[in-house]
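Notes for the structure review
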Amino acid sequence: MAQVKIYGRRDVLIPNRTRWSDLIQNALVAALGLPKDKRFQRFFPLDGEDFLYPPDRTEAYTILEISMFEGRSPVALKALLRKLMDDAQSEFGMHANDLEITISESPRRCWGIRGKTGDEIELSYKVNV
């Protein structure tokens, strides 16, 4: 399971929401083997005065925060990061400075899902990849 938060300027993020959503989900499926139908994404479009960034970023500056169960290998995590960065550049012509991604992993026991703790639920996919 991966929960993704997407932050960006309202005037840039909203028109590209579907493209971002598909790009992120495709990367999660390709790099981590997550099911195609398990899409957990939240968009946070911010007004310019609420989304501050350094002068070496542009209005396209976007932040992705990904929370997931621990257990993926460093190779799998780097594959996800590279896929997201490469695909954002291809899809949006995005400069490398304009995309920042963080991945936070936590033990399954720290998640509450469908009325159970994460370590008590049955998953249809592997976490240890």
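An account of the accompanying structure is given in this report. (Residues numbered from 1 in each chain as written. Predicted model: local features only at pLDDT ≥ 70, side-chain atom pairs only at ≥ 80, totals over all residues. Heavy atoms only, no water.)

1. Section: the overall build of the chain
- If you tally the helices and strands in the chain, you get 3 helices and 6 strands.
- When the helices and strands of the chain are listed from N to C terminus, the series reads β-α-α-β-β-α-β-β-β.
- On C-alpha atoms alone, the chain measures out to a radius of gyration of 15 Å, which is about the 14 Å that the 2.2 N^0.38 rule sets for 129 residues.
- Restricting the contact set of the chain to residue pairs at least 6 apart, pairs at least 24 apart contribute 76%.
- Total accessible area computed for the chain in this model is approximately 7,500 Å², and 50% of it derives from carbon and sulfur atoms.
- Here the chain carries 19 positive and 19 negative side-chain charges, and the mean point of each set is 7 Å from the other. (Helix = DSSP H or I, 4+ residues; strand = E, 2+ residues; numbered from the N terminus. Rg over C-alpha atoms; globule rule 2.2 N^0.38 Å. Contact = heavy atoms within 4.5 Å. Areas by Shrake-Rupley, 256 points an atom, 1.4 Å probe, with all protein chains shown as cover. Lys, Arg positive; Asp, Glu negative; His and termini not counted. Charge placed at Lys NZ, Arg CZ, Asp CG, Glu CD.)

2. Details of the sheet that holds strand β2 (residues 41-46)
- Across the sheet, 4 strands lie side by side as β2-β1-β3-β4; this open sheet has mixed pairing. The sheet is open, and its two edges are formed by β2 and β4 (99-106), each paired on a single side. Strand-to-strand twist in this sheet, taken as the mean axis angle between neighbours without regard to direction, amounts to 15 degrees.
- The sheet contact formed by strand β3 (residues 62-69) and β4 spans 8 bridges and is parallel. Bridge assignment links Ile66 to a residue of β4, and that residue is Ile103.
- Running over the sheet, helix α3 (residues 74-92) touches β3 and β4 and is turned about 155 degrees from β4. (Pairing = 2+ DSSP bridges. Axes fitted to C-alpha atoms, helices over the stretch in contact; angles between N-to-C directions.)

3. Examining the side chain of Thr62
- Among the structural elements, Thr62 can be located in strand β3.
- The exposure class of Thr62 is buried, given its relative accessible area of 3%.
- What Thr62 contacts, discounting residues up to four positions off in sequence, is Ile6, Tyr7, Trp20, Met94, Asp98, Leu99 and Glu100. (Buried < 20%, exposed > 50% of the residue type's maximum accessible area, 1.4 Å probe, protein only.)

4. Some remarks on the pattern of salt bridges
- On inspection of all chains with the given rule, the structure shows 7 salt bridges.
- Of the charged contacts in the structure, one is a salt bridge between Asp22 and Arg39, with a shortest N-O distance of 2.9 Å. With Asp22 in helix α2 (residues 17-32) and Arg39 in the loop between α2 and β2, this pair connects stretches of sequence that are 17 residues apart.
- According to the relative accessible area criterion, Asp22 is partly exposed, its value standing at 34%.
- Its salt-bridge partner being Arg57, residue Glu100 comes within 2.5 Å of it at the nearest N-O pair. Taken together, the residues Glu100 in strand β4 and Arg57 in the loop between β2 and β3 connect sequence positions 43 residues apart.
- Given a relative accessible area of 31%, Glu100 falls into the partly exposed group.
- Arg57 gets classed as buried once you look at its relative accessible area, which sits at 18%.
- One continuous salt-bridge network, built from bridges that share partners, spans Asp56, Arg57 and Glu100. (Salt bridge = Lys/Arg side-chain N within 4 Å of Asp/Glu carboxyl O.)

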